[in-house]
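Each chain, letter by letter, is given below.
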Amino acid sequence: QVQLVESGGGLVPPGDSLRLSCAASGRSFSWNTMGWFRQAPGKERDVVSTISWSGIDTYYADSVKGRFTISRDNAKNTVYLQMDSLKPEDTAVYYCAAASQRRFPLVTARDYSYWGQGTQVTVSS
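Residues numbered from 1 in each chain as written. Predicted model: local features only at pLDDT ≥ 70, side-chain atom pairs only at ≥ 80, totals over all residues. Heavy atoms only, no water.

Engineer: Is there a simple way to think about the nonpolar core in this case?
Structural biologist: Soluble globular proteins tend to bury their nonpolar side chains together. Core analysis: the biggest nonpolar cluster contains 26 residues, and W36, L81, M83 and Y94 have the highest contact counts within it. At the level of elements, strand 3 (18-25), strand 4 (34-39), strand 5 (46-51), strand 7 (68-73), strand 8 (78-83), strand 9 (92-98) and strand 11 (119-123) are the ones that each hand at least two residues to this core. In this structure M83 touches D16, S17, L18, L20, R67, F68, Y94 and V121, once residues within four positions along its chain are discounted. Counting 6 residues, the second largest nonpolar core, distinct from the first, contains V47, A97, A99 and Y112. (Core = buried A, V, L, I, M, F, W, Y, C linked by side-chain atoms within 4.5 Å. Buried < 20%, exposed > 50% of the residue type's maximum accessible area, 1.4 Å probe, protein only. Helix = DSSP H or I, 4+ residues; strand = E, 2+ residues; numbered from the N terminus. Contact = heavy atoms within 4.5 Å.)

Right, here's the structure in full:
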C-alpha cells in the first residue's frame, strides 16, 4: 500500500534548524505535486509549502518565506523541508502530503490524497 513516512522532527531552541524528510513507498509520486502542512494544538491543518512534480515551482506560506526551503528527489521518491531560523510559533505536527494530480500550487488539505503520520516539531528554549 502507499505510505508516506516523515522523519527529522524534534525539540530545538529558537534560531536553530531542522530538516524534515518524507519518504514515499507503494507508488511513485514523481509526476505529482507534494506538500508539507502543519497543525498546532487547537488549530486547523495549514499549508507550509508545496512543490511541483519537477521541483522547479515552489510555494511558501507567508509565515515561512525566506526561512524554509522545500525540495524533492524523484529518484528517491522523497521530499524535504529545510527549516532555518525556527521560531516558537513554528511548533506543530508537520505532515507530508502527496496529491493525485500535477496541478500547482495546491494549498488546501482537501487537494491531497495521501498523508504521512506526522512528525512533531517543537521550538522552545
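Engineer: What should I look at first to understand the pairing of strand 4 in this one?
Structural biologist: Looking along a regular strand, one sees the side chains alternate between the two faces of the sheet. Most of strand 4 sits inside the fold, with 5 of its 6 residues counted as buried. Both strand 4 and strand 5 contribute to a ladder of 5 bridges, which runs antiparallel. Pairing of F37 across the sheet is with V47, part of strand 5. As consecutive antiparallel partners, strand 4 and strand 5 are separated by 6 residues, and within that stretch G42 has a phi angle of approximately 80 degrees, a positive value. Sheet analysis places strand 4 next to strand 9, joined by 6 bridges and oriented antiparallel. Note that in strand 9 the partner of W36 across the bridge is C96. (Pairing = 2+ DSSP bridges.)

Engineer: Please clarify how the layout of surface pockets should be interpreted in this entry.
Structural biologist: Once rolled over the atoms, a probe with the size of a water molecule shows which space is left empty. Its boundaries defined by the atoms lining it, the largest pocket holds a volume of some 190 Å³. In terms of lining, the largest pocket is formed by 13 residues, of which the most central are R38, A40, K43, D46 and E89. Taken together, the elements giving at least two residues each to the lining of the largest pocket come down to strand 4 and strand 5. (1 Å grid on protein atoms, 1.4 Å probe; cavity = no way out; pocket = protein on both sides within 12 Å on 5 of 7 lines; lining within 4 Å. Points joined across faces, edges and corners; volume = space filled by probe spheres on them.)

Engineer: Explain the pairing of strand 9 to me, please; I cannot follow it from the model alone.
Structural biologist: Of all the 7 residues making up strand 9, 6 are buried; the element is thus mostly covered by neighbouring parts of the structure. Pairing of strand 9 with strand 11 involves 3 bridges; the strand directions are antiparallel. Looking across to strand 11, one finds that Y94 is bridged to T119. In the sheet, strand 9 pairs with strand 10 (residues 114-115) via 2 bridges, with the strands oriented antiparallel. Across the sheet, residue A97 finds its bridge partner in strand 10, namely W115.

Engineer: Is there a simple way to think about the sheet that holds strand 7 in this case?
Structural biologist: Two orientations exist for strands paired in a sheet by backbone hydrogen bonds: parallel and antiparallel. Reading across from one edge, 1-3-8-7 is the order of the 4 strands in this open sheet, with antiparallel pairing throughout. Strand pairing shows two members of the sheet lacking a second neighbour, strand 1 (3-7) and strand 7, which therefore form its edges. Neighbour to neighbour, the strand axes of the sheet diverge by 15 degrees on average, direction disregarded. Here strand 3 runs beside strand 8; their pairing, made up of 6 bridges, is antiparallel. The residue of strand 8 that forms the bridge with A23 is T78. (Axes fitted to C-alpha atoms, helices over the stretch in contact; angles between N-to-C directions.)

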